[in-house]
Amino acid sequence: MAPHELEAIAPLTAAAARQVEDGSGLGSDYLGWVHLPTGHDREELTRIKAAAARIRSDSQVLVVIGIGGSYLGARSAIDLLRSPLYNSLPKDTPDIYFVGCNLSGGYLSEIIRLCRDRDFSVNVISKSGTTTEPALAFRVFRKLLEEKYGREEAGRRIYCTTDKARGTLKAQADREGWESFVIPDDVGGRYSVLTAVGLLPIAVAGADVDRILAGAQQAERELSEPDPLKNPCCRYAALRNILYRKGKTTEVFVTYDPAFTMMNEWLKQLFGESEGKDGKGIFPASVTFSTDLHSMGQYIQDGVRNLFETVVDICKPREDFFVEEDPENLDGLNFLSGQEMSAICRRAMEGTVLAHTQGGVPNILLEVPDASEEEYGYLVYFFEKACGISGYLMGVNPFDQPGVEAYKKNMFALLGKPGYEDLRAGLLEKLG
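None of the values given here were measured: they were computed from a predicted structure.

1. Side note on the overall build of the protein chain
Move 1: From N to C terminus, the protein chain includes 16 helices and eleven strands.
Move 2: Across the 432 residues in the protein chain, those meeting the buried criterion constitute 49%.
Move 3: Looking at the protein chain alone, contacts between residues at least 24 apart form 76% of all its contacts between residues at least 6 apart.
Move 4: About 19800 Å² of surface is accessible on the protein chain, with carbon and sulfur atoms providing 53% of the total.
Move 5: Here the protein chain contributes 47 positively and 62 negatively charged side chains, and the mean placements of these two sets differ by 6 Å.

Structure below.
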């Protein structure tokens, strides 16, 4: 990519960045996340930390009920800051299971078996309380709690993250006296990880939410400059739009750390739901290397040239492993002896970046110093802001999701929900 290309798009990028900052663009009612880190409700944060401590003291399991942004952010943080094997490792914090994120009866039954004979609490996350997947899961786990503890004690083990004043779940929480936390009106689900939506489960897992917010606050301060030549967040948004205009319509998020895999899933929702509308948008995909080099590597190297890669490089791993020499050297790998696994992985990354760029796949490299709470908070804010800027550059509203409603209407009609009779008849005719 020639330097003049970034210079050419710089004025448009700066204008988009200013729209995000001053709330003058489409969807401005949902820009509350922009100044959330420095404007966080301190009283609510104190209650979040107190609730997390209470759950850690009386529960062996926390069941988090939510879908989309209501679970991906928290799960990505737990995997990255603690471990993808968090539930299997010895620890002094509860296991955390996520439900209400699918419609699988087998998955739900297995989580029930994991909880039934253990002390558990529930954190149900829903703005309305009527979204099918989480509402159905909450019905099941509320019943399980009441059967195990009785209604009064069960109520002390239910924590709701929902609308401040409206909705079915908020009304239930007020009626039953369940502790509740707020999803701000001006923060959409996929931008909500730094609210109670993400912070409560993350705190239960033992991560330091104050440090996460400190990292996000630093990002808020440092990434306010609209010039992409000075601001890496704006530069990333500009680069991906330059590539998009050249026909690179798929972005592959790449990690070399399995702990970042769920963060890639969060990124796929953030960008896919924000940009994929009006016949526009970069399709977000993801891989975890070197694992996926043995499955997807061939396509990326030699397939259709419509993609680019964004490599998130965590420079210092949370933990490392030293490779010792084998006297027999039957596998011929003694040339790797005397090194840390991270050094070997870095050479694999460097070799792959060189191969893919030589094969015609542009690579954007984002370096993250380490997998600390501060860096996680910074990274979340970085991507949220880049996504907003990029959406405005594409000419879409990055903060709505009109297409999500289409499948819901069809599903409700086919399941026989009252009020959808006419639609049901038409759909059944189409299905034969």
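Text resumes after the structure shown.
2. A few points about the sheet that holds strand S2 (residues 95–99)
Move 1: On the basis of which strands lie adjacent, the open sheet formed by five strands has the order S2-S1-S3-S4-S5 and parallel pairing. In this open sheet, the two edge strands, each paired with only one partner strand, are S2 and strand S5 (179–182). Shown here is a sheet whose adjacent strand axes are inclined to one another by a mean of 20°, direction ignored.
Move 2: The sheet contact formed by strand S1 (residues 61–65) and strand S3 (residues 120–125) spans five bridges and is parallel. Considered in S3, the bridge of Ile65 is made with Val124.
Move 3: Running at roughly 155° to S2, helix H4 (residues 105–116) makes contact with S1, S2 and S3 of the sheet.

3. Regarding the packing of aromatic side chains
Move 1: Counted according to the given criterion, the structure contains 18 aromatic pairs.
Move 2: Consider the rings of Trp33 and Tyr191, whose centres lie 5.1 Å apart with planes at 20°: the pair is stacked. One end of the pair, Trp33, is in the loop between helix H1 (3–22) and helix H2 (42–58); the other, Tyr191, is in the loop between S5 and helix H8 (196–204), and 158 residues separate them in sequence.
Move 3: The aromatic ring of Tyr149 is capped on one face by Arg157, whose charged end is 4.2 Å from the ring centroid.
Move 4: Over the ring of Phe412 we find Lys417, and its NZ or CZ is 4.1 Å from the ring centre.

4. Some thoughts on empty space enclosed by the protein
Move 1: Per the stated rule, a full pass over the model turns up one cavity of 30 Å³ or more.
Move 2: The calculated volume of the largest cavity comes to roughly 40 Å³.
Move 3: What lines the largest cavity is Leu80, Phe260, Ile314, Val368, Asp370, Ala371, Ser372, Glu375, Tyr376 and Leu379.
Move 4: Contributions of two or more residues to the lining of the largest cavity are made by strand S11 (363–370) and helix H14 (373–394).
Move 5: Per-element accounting of the lining of the largest cavity gives the leading share, three residues, to H14.
Move 6: Looking at the lining of the largest cavity residue by residue, the classes come out as seven nonpolar, one polar and two charged.

5. Some words on the packing of H4 against helix H5 (residues 132–149)
Move 1: One way to put it is that H4 packs onto H5 with a least axis distance of 12 Å and a crossing angle of 25°. Between H4 and H5, the angle falls in the class roughly parallel. For the element pair H4 and H5, the recorded crossing hand is right-handed. Across the interface between the two elements, Leu108, Ile111, Ile112, Cys115 and Arg116 of H4 pack against Val140, Phe141, Leu144 and Lys148 of H5.
Move 2: When grouped by side-chain class, the residues that make up the contact of H4 with H5 number seven nonpolar, no polar and two charged.

6. Some points on the pairing of S5
Move 1: Note: strand S4 (residues 158–162) against S5, four bridges, orientation parallel. Bridge assignment links Thr162 to a residue of S5, and that residue is Val182.
Move 2: Taking the sense of rotation as the criterion, the β-α-β connection linking S4, helix H7 (residues 168–176) and S5 turns out right-handed.

7. Regarding the pairing of S2
Move 1: Counting buried residues in S2 gives five out of five residues, a clear majority hidden from the surface.
Move 2: The pairing of S1 with S2 spans five bridges and is parallel. Note on S2: the bridge partner recorded for Leu62 is Ile96.
Move 3: Remark: the S1/helix H3 (residues 72–81)/S2 crossover connection has right-handed handedness.

8. A few points about a negative patch on the surface
Move 1: On the surface, Glu325, Asp326, Glu328 and Asp331 cluster together into a patch of negative charge.
Move 2: Counting through the fold element by element, Glu325 comes out in the loop between strand S9 (322–323) and strand S10 (339–340).
Move 3: Residue Glu325 is classed as exposed on the basis of its relative accessible area, which comes to 60%.

9. Remarks on the state of the cysteines
Move 1: For the coordinates displayed, the defined rule picks out zero disulfides.
Move 2: Among the cysteines around Cys101, which has no disulfide bond, Cys115 carries the closest sulfur, lying 13 Å off.
Move 3: Of all cysteine sulfurs in the structure, the one in Cys115 sits closest to Cys160, which takes part in no disulfide; the separation is 17 Å.

10. Overview of the packing of H2 against H8
Move 1: For the pair H2 and H8, interaxial distance at closest approach is 8 Å and the crossing angle is 35°. Crossing geometry of H2 relative to H8 is assigned as right-handed. For the pair formed by H2 and H8, the contact residues are Glu44, Leu45, Ile48, Ala51, Ala52, Ile55 and Arg56 on the first element and Ala196, Leu199, Leu200, Ala203 and Val204 on the second.
Move 2: For the contact of H2 with H8, the residue count by class is ten nonpolar, no polar and two charged.

What counts, and where the lines are drawn
Residues numbered from 1 in each chain as written. Predicted model: local features only at pLDDT ≥ 70, side-chain atom pairs only at ≥ 80, totals over all residues. Heavy atoms only, no water. Helix = DSSP H or I, 4+ residues; strand = E, 2+ residues; numbered from the N terminus. Buried < 20%, exposed > 50% of the residue type's maximum accessible area, 1.4 Å probe, protein only. Contact = heavy atoms within 4.5 Å. Areas by Shrake-Rupley, 256 points an atom, 1.4 Å probe, with all protein chains shown as cover. Lys, Arg positive; Asp, Glu negative; His and termini not counted. Charge placed at Lys NZ, Arg CZ, Asp CG, Glu CD. Pairing = 2+ DSSP bridges. Axes fitted to C-alpha atoms, helices over the stretch in contact; angles between N-to-C directions. Phe/Tyr/Trp six-rings, centres within 6.5 Å; stacked < 30°, edge-to-face > 60°. Lys NZ or Arg CZ within 6 Å of the ring centre and 35° of its normal. 1 Å grid on protein atoms, 1.4 Å probe; cavity = no way out; pocket = protein on both sides within 12 Å on 5 of 7 lines; lining within 4 Å. Points joined across faces, edges and corners; volume = space filled by probe spheres on them. Nonpolar A, V, L, I, M, F, W, Y, C, P; charged D, E, K, R; others polar. Parallel < 35°, antiparallel > 145°, perpendicular 65-115°, else oblique. Left-handed = near helix turned anticlockwise from the far one by under 90°. Right-handed = clockwise from strand over helix to strand, strands pointing away. Patch = residues over 30% accessible without salt bridge, like charges linked within 9 Å, V, L, I, M, F, W, Y side chains within 5 Å. Salt bridge = Lys/Arg side-chain N within 4 Å of Asp/Glu carboxyl O. Disulfide = S-S within 2.5 Å.

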